[in-house]
Amino acid sequence: MTTFYRDVLIGLMFIVGIVGFISGEFIVSTVLFASAAISSNVYLNRQMYG
């Protein structure tokens, strides 16, 4: 997966999480925020240490 597609995927998860939070789907938005944060941190740590 290229960095562009990875960035788009993380951005989409974040935006859908915001929309879910606004619409009242708090569990879905929490899962999306968490998965976006974890995948972003995993990618950054791989670049830093790998």
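Procedures and definitions
- Residues numbered from 1 in each chain as written.
- Predicted model: local features only at pLDDT ≥ 70, side-chain atom pairs only at ≥ 80, totals over all residues.
- Heavy atoms only, no water.
- Helix = DSSP H or I, 4+ residues; strand = E, 2+ residues; numbered from the N terminus.
- Expected span 1.5 Å × (residues − 1).
- Buried < 20%, exposed > 50% of the residue type's maximum accessible area, 1.4 Å probe, protein only.
- Arc of directions from axis to C-beta.
- Contact = heavy atoms within 4.5 Å.
- Axes fitted to C-alpha atoms, helices over the stretch in contact; angles between N-to-C directions.
- Parallel < 35°, antiparallel > 145°, perpendicular 65-115°, else oblique.
- Left-handed = near helix turned anticlockwise from the far one by under 90°.
- Nonpolar A, V, L, I, M, F, W, Y, C, P; charged D, E, K, R; others polar.
- Polar contact = N/O pair within 3.5 Å; in protein donor to acceptor, adjacent residues only side chain to side chain.

Draft legend 1. Highlighting helix α1 (residues 3–23). For α1, which comprises 21 residues, the first-to-last C-alpha distance of 30 Å matches the rise-based estimate of 30 Å (1.5 Å per residue) to within 8%. Where α1 is concerned, the buried positions are Ile-10, Met-13, Gly-17 and Gly-20. Seen end-on, α1 carries its buried residues on one side only, within an arc spanning 90 degrees. Exposed residues lying more than 90 degrees from the buried face of α1 are Phe-4, Tyr-5, Val-19, Ile-22 and Ser-23. Packing partners of the buried residues in α1 comprise α2 (26–49). The positive-phi residue at the C-terminal boundary of α1 is Gly-24, with phi of around 100 degrees.

Draft legend 2. Structural view of the packing of α1 against α2. The contact between α1 and α2 brings their axes to 8 Å, and the two run at 155 degrees. Classified by the angle their axes make, α1 and α2 are roughly antiparallel. As α1 packs across α2, the resulting crossing turns out to be left-handed. Counted together, Thr-3, Arg-6, Ile-10, Met-13, Phe-14, Val-16, Gly-17, Ile-18, Gly-20 and Phe-21 of α1 and Phe-26, Ser-29, Leu-32, Phe-33, Ser-35, Ala-36, Ser-39, Ser-40 and Tyr-43 of α2 form the full contact between these two elements. For the contact of α1 with α2, a count of residues per class yields 11 nonpolar, 7 polar and 1 charged.

Draft legend 3. The arrangement of the environment of Val-19 in detail. Note on placement: Val-19 falls in helix α1. Along the backbone, Val-19 and Ser-29 are 10 residues apart, and their C-alpha atoms lie at a distance of 7.8 Å.

Draft legend 4. Molecular detail of the side chain of Ser-29. Following the sequence through the fold, Ser-29 ends up in helix α2. In terms of polar contacts, Ser-29 uses its side chain to reach the backbone carbonyl oxygen of Phe-26, at 3.0 Å. If near-sequence neighbours (up to four positions away) are discounted, Ser-29 is found in contact with Gly-17, Gly-20 and Phe-21.

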